[in-house]
Structures are given as C-alpha cells and as structure tokens.
Amino acid sequence: MGSLFRSEEMTLCQLFLQSEAAYACVSELGELGLVQFRDLNPDVNAFQRKFVNEVRRCDEMERKLRYLEKEIKKDGIPMLDTGESPEAPQPREMIDLEATFEKLENELREVNQNAEALKRNFLELTELKHILRKTQVFFDEQEGGLNTTTESMTRALITDEVRTGHSMGPVQLGFVAGVISREKLPAFERMLWRACRGNVFLRQAMIESPLEDPSNGDQVYKSVFIIFFQGDQLKTRVKKICEGFRATLYPCPEAPADRREMAMGVMTRIEDLNTVLGQTQDHRHRVLVAAAKNLKNWFVKVRKIKAIYHTLNLFNLDVTQKCLIAECWVPVLDIETIQLALRRGTERSGSSVPPILNRMQTFENPPTYNRTNKFTKAFQALIDAYGVATYREMNPAPYTIITFPFLFAVMFGDLGHGAIMALFGLWMIRKEKGLAAQKTDNEIWNIFFGGRYIIFLMGVFSMYTGLIYNDIFSKSLNIFGSHWEVNYNKSTVLENKYLQLNPETSDYLGTPYPFGMDPIWQVAGANKIIFQNAYKMKISIIFGVIHMIFGVAMSYHNHTYFKNRLSLIFEFIPQLIFLLFLFFYMVLLMFIKWNRYAATNKPPYSASCAPSILITFIDMVLFNTPKPVPEGCNVYMFGGQHFFQVVFVLVALACIPVMLLGKPLQIMKQRKHANVQPITGSDAEVGMSNGQPAGHGAGGHHDEEEMSEIFIHQGIHTIEYVLGSVSHTASYLRLWALSLAHAQLAEVLWNMVLSIGLKQEGWFGGIMLTIVFAFWAILTVGILVLMEGLSAFLHTLRLHWVEFQSKFYQGTGYAFQPFSFDAIIENGGAASSAENE
C-alpha cells in the first residue's frame, strides 16, 4: 500500500551473465519490463561496440519490412493484427528471417519492375491507338471534300518559288504525329509558331480518358497532335521542339490501309498486354497478401532483436571474454521476479552457469518509479508533467484523483454539461479496447483517449456540483418544491427583470431547500448574481484554505520519512501555525457568520449587523480598530474575538523569523559543535538504506552547502511561503470567477439562441425550433463544454501544481525507464528507450 503514496523502493544491482545466455536473459527481462540498465561504455563510440553488426542487420531487416508495408498499404490490403506479441527469436533465427525478407523484397521488386515495363509498353500502345484513331479522322475530313483547311494549309506552306511564279509540281507535305501532356499544349503551339515562323500546321484532339503514368501511378490527361510541314529542315526543327517538350512521337503510315492494319495489330497487342498485366497484378497481390498476414509479427520480432542487441551494447565484457557485466536499477519488491526471469533465460539458452544478481551500495539518487494502472496512469501523468517526484517523496497522484475532478467541477458545475462530458468519457471507457487497437497519429484524440477516466470523473463531479447549484443548461430542477411563496402572476415573472427575493418577508418559509439551491433563484433577476457570488466566493476560499492545509500536512510525512527533524520543527510547525491562525481562522469566521446572522434575526444578529469577513480580516492583520456599527449591533461576532485575533496575528508573525532563521542557525550550531566543516545536522544524517541518503528529500540534504547558501535558500523559501499564502488564497477565487462565467455564458446562450425557437408558434415554430436547437447544441458543445472545459481544466491544473504541490512537492527526480518490449513496440521501435544511463 505504501507504494501508492510513495515511489517504489529502488536498488542498484550488478548483473553477471554468461555470454551464451546473455541474449535469452535480456529477452526475458524485456518481456518483464522491470529493469533499467545503465550504460557502462559511455565513452565508446556506437560504431565500435560489440554488437554493432547485429544492430545493423536489424536495421536492414526493418528497412525491408517498411518497404513491404508501403507496398501493402499502396494496394489497400489489410494487415493482420492479432494483438499478440511473439517472443524474441533466437539469434540463429535471424538468418532465416533475413533470408525470408530478402526473398520477398527481391520478388516484389522484380514483379514491380516487370509491371512497370508492361505498363509503359501498354501506355505506348494506348497512345498509338489514340493517334491512329484521331489522325484517321483528320485524313477522312480531307478525303470527304472538306478541303478548305487543307487548301489554306497548302497555300501557307508553299515555297518562295511558287510565289515568284515559277512552275512546280504537286506540293508534297510531310507530317509527324505524337502525344503531349494537355497542360503543355498551349506553350508547345506557341513555340512551334515562333520557331517555324508559321510554316507548320498543327491539328490536335484531346484524349478523353486519363492515362496512367507507369513510374508513379498518377493519372495524366494528354492530347494527340499531328504537325504538317514541308522540307527536311522544318522536320528537324519540329522534332527538336517535340523532344524539348517531352512529347512522344509515334510512326503513323500515310496510307489508310496501312493505318487500319497497324491499328488492328495494336489492338491485338493491347489485349495480350492486358492479360499479362492481370496475371502480374494477381501474382503481386498474392505475394503481398501472404506478407500482410505476418508483417506485424515480423516487425515485433525484429524490433525485439534490435532492442536486445542495443541493450547488450550497454554491458561490459570481463577479462575472460566469457561473461557480460551489467548494472541496473530494479524495484526491491521485484528482485525475486527478476531472478526467476534470469533463470528462465539461462534454461532457454542451455547454459549451465547461473546468472548472478548482486545488490550494490551507492550514493547516487535512484530513479522514481510509481506503479500505475489504466485508471491511475492519466492522473500520474498530470503530476509528472510538472516534474517527476524526488525519490520516495510523497506522491500527490492518489489525492489528485479526488481533488482534481472536484475543483474542476466547482468551476464547471452544470448538470447538463457535466452529463455530456461524463457520457463522452464513459463511451471511451466502454470502447477502450477497440479504440486502443485503432492506433492513430491524431494528437488531440490521443490526449482525449489517454485522459478518458479524468474526463469521466470530471463529468460526474460536475453533475454533482450542478445539482448543488441547481443548474442544468442555465435552468433549474424543481425536485422538492420551492421553499418560497412569491405572489407574482405569470406575466410579471416573465417580463419583469428586476424581481428579487427578500428573506425578511413572509415569502420565505423559513426552511432551506433540502438539496442545493432553491429553484426560485433562477427568476430572481435582481439579486440572483449577488446571492450566488457571495455563496461561491466563500466556498472558493474555504476549499482553497483546506486544500493548502492538506498540502502542508503532506510535508509532515516527507520530513518524518526522511528523518528531517530540523525541517519538521522549523518549517512544518510554523508553516501550519501561520496558515491556521490567519487563513483557517478566516474560514471559521465565515461559518460563524453563516450560523449566527440571518435576515429574520433581530439585532445584534440581524443581516444588517453582519460584519464583512474581508474587512474584519484586514483590520485584524493591521491591528485596526473596527469601524462604528449601527445601533444595536455588535462590533465582534463572538466574545473575546479581539483578544484571540491579536494573539493569532502575533503568533503568526512570530512564526516568520522561526521559518527564516531557525533551521540555518541550528545547522550552524551543529557544525560548530562537531568542529568539522562541512558536516550535516541531524536532519542530514546519511544512511545507506538501498543506496539512498536518509536525509534526501524535502530540503534536508546540506552536506556540501555553504552557510551563506543555506541562509539565502531559507530566506527565499520563507518569503515565498508567507507571500504565497496570501496570493495562493486569493488564487482559489478562480473557482468562483469561472463558475460565474460558465453560468452566465449558459444563460446567454439560452436567452439569445434557444429561447428564440421556443417562442415561435405553429408549424413554422417546429421548423424554427429544430434549426435553432441544432445551432444551440453546437455552441453548447463547442464553447461551453470544450472551450470552457479546457479553461477550467487548465485552472485546476494550476491550482494543483502551484497552490497545492508547492507546499510539499519538489519534483526534482528522474523517471524510471525500464527496458520493456511493450514500450519499445508502442513507440514504433525506438531502441533508444533501451539505452538508459
């Protein structure tokens, strides 16, 4: 039970493993996840370590698996994930795995190369098919009598010889045909016109369906073109331009019969290619399906092998080269479990030499290890985000499980909004196995899912405080019947914004509402906020002072555990007295005021006689004389109040020099008495329990500190506590402020959005209400639940980190990071998690 409230007791051990058994033993320890190894070769380059070749082989296997994974995902083939974690393979199985991956990679690369070559051939034939079809249309237009274009083309392309009147035979035009990307066509046409000075004629037609690029699989839109020209010089120029624009030229016969014959041959070859391509794709699919069944397990196996060899690189070899030596941090309670795992590894390897696990003595601070489960893990993460606990100091996480959602709920108190949050958290809890299996890189979703139990508890506590405030979407629940009888008619209640409740009149029945606030306060527009402010402001201070006192009380357990007698006497006791005699006394005044003063009482205990708690507290601290009070009223709430207040302030002020000078002067006295510089006091006695100084933690370790540093440190600590007590108490007023803001935002949304739909009548009112309700629901979830919830969450986090934990929590430790296969695989094979110094 103690490990719940403090981190686990840790010890440093030395481990001796026979070389043949080291792999199997480390494998067993990785499955166990309870050992943090130290690097015994910090000055050795990573490329000069003993098992660097094995790590490289694992890297190569991982590369091949990633290639397979990419190809499987490209084809959309589901990868089988049984959720089981296979054991790390034996070293001799690495050769079989390497051979399997090599064979798969080579086969897949060969299939891909063949498929790409076939697709490229298929693309060329397809483009040729379109060229033959489109050019046939061009020539059919000419033969069908549509010669206007041809004649103009011929006139444009005649030579200078024709222009001078010399006789010539029939004009013979040459042409080239090809395919070009559609977006390049305008620039291609301009370049032809400029380079050939208008002496070419271009016809083009779009290919309607996109063509697949065999190199990357993209769909590309292309166009067929045919260029007419005269002379070899223009032919050369046109071909160079086509080459520059990466246009593909294809042979196109001039005779119609030759074109038809070629088209038939092309169609036959396309059909044959389709058959071969289908067989190639089927073969590729079969290879990938077979690989997909084992890919997850292969990844796990390779990452486990790699992690083992990374860890073995942290070990030292003895002089005989037959034994590996390791140093590791282990929890004391798990030493027997670790020894059993080592024995299992030795038996698996067939070694006859048993492993040796020796506990070592050290002054080094051990790592902090808090055992968690799926429920406490999120709360522990909130604490660790501030700072990992110093070794064996009090862990705030168990108390945070209750205080965190409760303080959140004080700011977020609404039965409706709390129910939305609780249902969302409950849904994630009920579906956690399926949701956990669907691993995603969405950080926001991962944060929500990781904090599902926090969200659920915050929602449940908010529902409770919503019942206390009697607030559900800014409206009230009239469960027990109001304890007020106000004689207003319906129109007055709905239209008059200045109604207020007066408990002095007979409207109040004299008995309070059984649970929470009376629902009548929702219609008291004039003094509802005044009443709720007074209530919420006071409970914020009450909860804050109790929370801080609890934090100071936690420091008592730190001081007693670490035998820190000086801190117990000169820090804990004066701190507690200072807090109790000033701020807890203010809380008592609130209860006395609530108990003694009422609107129906007569002087001196009527509401008009009730003194202000804030003014009373200020007068008390400044020793001011209370201001005159109305006739018939008392200056003080109870007899002897002035005497007690003077005593409380004097004692609290006397605690300040005790906190400031008591501990340093006592340390100085002990050092002079021992006549040794430096030496520890009784609060800094050094023990060797589990390799940890007994005086460690909570400011009790002063072995190497100079007296000037101790005085400065103690002065800063005292000023921070005294001034912080005031500022921290005021900081808890955020509970009141955010609660008020949340309630007012909910009321604004109701009055300015939903009430518009509710006031409509007839069939139009139904349609209007549906639209308005959808808009109201979106704003409620988006603003009041998500944004306001995040705001309240952050304020609650601050109250715990600053106001609560500063009283006892140092958070200067470092986390225990054991060598664990589960953690490595969850992090995607980050082998660095195995290298912990």
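Above: the structure in question.
What counts and how
- Residues numbered from 1 in each chain as written.
- Predicted model: local features only at pLDDT ≥ 70, side-chain atom pairs only at ≥ 80, totals over all residues.
- Heavy atoms only, no water.
- 1 Å grid on protein atoms, 1.4 Å probe; cavity = no way out; pocket = protein on both sides within 12 Å on 5 of 7 lines; lining within 4 Å.
- Points joined across faces, edges and corners; volume = space filled by probe spheres on them.
- Helix = DSSP H or I, 4+ residues; strand = E, 2+ residues; numbered from the N terminus.
- Disulfide = S-S within 2.5 Å.
- Buried < 20%, exposed > 50% of the residue type's maximum accessible area, 1.4 Å probe, protein only.
- Salt bridge = Lys/Arg side-chain N within 4 Å of Asp/Glu carboxyl O.
- Core = buried A, V, L, I, M, F, W, Y, C linked by side-chain atoms within 4.5 Å.
- Contact = heavy atoms within 4.5 Å.
- Expected span 1.5 Å × (residues − 1).
- Nonpolar A, V, L, I, M, F, W, Y, C, P; charged D, E, K, R; others polar.
- Axes fitted to C-alpha atoms, helices over the stretch in contact; angles between N-to-C directions.
- Parallel < 35°, antiparallel > 145°, perpendicular 65-115°, else oblique.
- Left-handed = near helix turned anticlockwise from the far one by under 90°.
- Pairing = 2+ DSSP bridges.

Quick word on empty space enclosed by the protein
- All chains considered together, the criterion is met by one cavity of 30 Å³ or more.
- What the largest cavity holds in volume is close to 90 Å³.
- Around the largest cavity, the lining residues are Tyr-469, Asp-471, Ser-474, Gln-522, Lys-528, Gln-532, Lys-536, Ala-743, Gln-744 and Glu-747.
- Elements that contribute at least two residues to the lining of the largest cavity include exactly α18 (528-561) and α23 (734-758).

Re the state of the cysteines
- What the rule picks out here adds up to one disulfide.
- At a sulfur-sulfur separation of 1.7 Å, the disulfide partner of Cys-609 is Cys-633. Negative torsions about the S-S bond denote left-handed disulfides, and the value of about -55° found for Cys-609 with Cys-633 makes this one left-handed. Within this pair, whereas Cys-609 is found in the loop between α19 (565-596) and α20 (613-622), its partner Cys-633 is found in the loop between α20 and α21 (641-674), the two being separated by 24 residues in sequence. Cys-633 shares its class with Cys-609; the two are buried.

Section: the pattern of salt bridges
- Counted according to the given criterion, the structure contains 29 salt bridges.
- One salt bridge in this structure joins Arg-38 and Glu-364, with 2.9 Å as the shortest N-O distance. Taken together, the residues Arg-38 in the loop between β2 (36-37) and α3 (52-74) and Glu-364 in the loop between β11 (356-360) and α11 (376-386) connect sequence positions 326 residues apart.
- For Asp-39, the salt bridge goes to Arg-49, with nearest N and O atoms at 3.1 Å. Of this pair, Asp-39 sits in the loop between β2 and α3 while Arg-49 sits in the loop between β2 and α3; the two residues are 10 residues apart in sequence, bridging distant segments of the chain.

With respect to the nonpolar core
- In this structure, Ile-454, Met-458, Leu-582, Phe-583 and Phe-793 are the most contacted members of the largest nonpolar core, which totals 71 residues.
- Among the elements that take part in this core, α19 stands out by supplying 11 residues, more than any other.
- When neighbours within four sequence positions are excluded, Met-458 is seen to be in contact with Phe-404, Pro-405, Phe-408, Met-421 and Phe-793.

Description of helix α2 (residues 19-32)
- Between the first and last C-alpha of α2 there are 20 Å, a value that for 14 residues agrees with the 20 Å anticipated at 1.5 Å per step.
- For α2, the complete set of buried residues consists of Ala-21, Ala-22, Tyr-23, Ala-24, Cys-25, Val-26, Ser-27, Glu-28, Leu-29 and Gly-30.
- Residues of α2 that are buried in the fold lie against β1 (10-18), β2, α9 (256-312), β10 (323-331), α10 (335-349) and α25 (821-826).
- Where α2 terminates, the next one or two residues include Gly-33, which has phi positive at roughly 70°.

Some details on the environment of Gly-83
- Positionally, Gly-83 belongs in the loop between α3 and α4 (93-143).
- Note on Gly-83: relative accessible area 65%, which makes it exposed.
- Between the C-alpha atoms of Gly-83 and Ala-526, which are 443 residues apart in sequence, the distance is 61 Å.

Some points on the layout of surface pockets
- In this structure, the second largest pocket encloses a volume near 1800 Å³.
- Residue assignment for the lining of the second largest pocket shows that the elements contributing at least two residues are α18, α19, α20 and α22 (707-731).
- Top contributing element to the lining of the second largest pocket by residue count: α18, with 10 residues.
- Looking at the lining of the second largest pocket, its residues break down into 37 nonpolar, seven polar and three charged.

What to know about the packing of α2 against α9
- Where α2 meets α9, the axes come as close as 10 Å, and the angle between the chain directions of the two elements is 110°. Of the possible angle classes, the one that applies to α2 and α9 is roughly perpendicular. Considering the relative orientation of α2 and α9, their crossing is right-handed. In this structure, α2 contributes Ala-22, Tyr-23, Val-26, Ser-27 and Glu-31 to the contact, and α9 contributes Lys-304, Ile-305, Ile-308, Tyr-309, Thr-311 and Leu-312.
- Looking at side-chain class alone, the contact of α2 with α9 contains seven nonpolar, two polar and two charged residues.

Notes on the sheet that holds strand β8 (residues 248-250)
- The sheet built from four strands is open, its strands ordered β4-β7-β3-β8 with antiparallel pairing. Strand pairing shows two members of the sheet lacking a second neighbour, β4 (201-206) and β8, which therefore form its edges. The sheet shows a mean angle of 25° between the axes of neighbouring strands, direction not considered.
- Of the strand pairs in this sheet, strand β3 (residues 174-181) and strand β7 (residues 222-229) are connected by eight bridges, and their pairing is antiparallel. From the neighbouring strand, Val-179 faces β7, where its bridge partner is Val-224.

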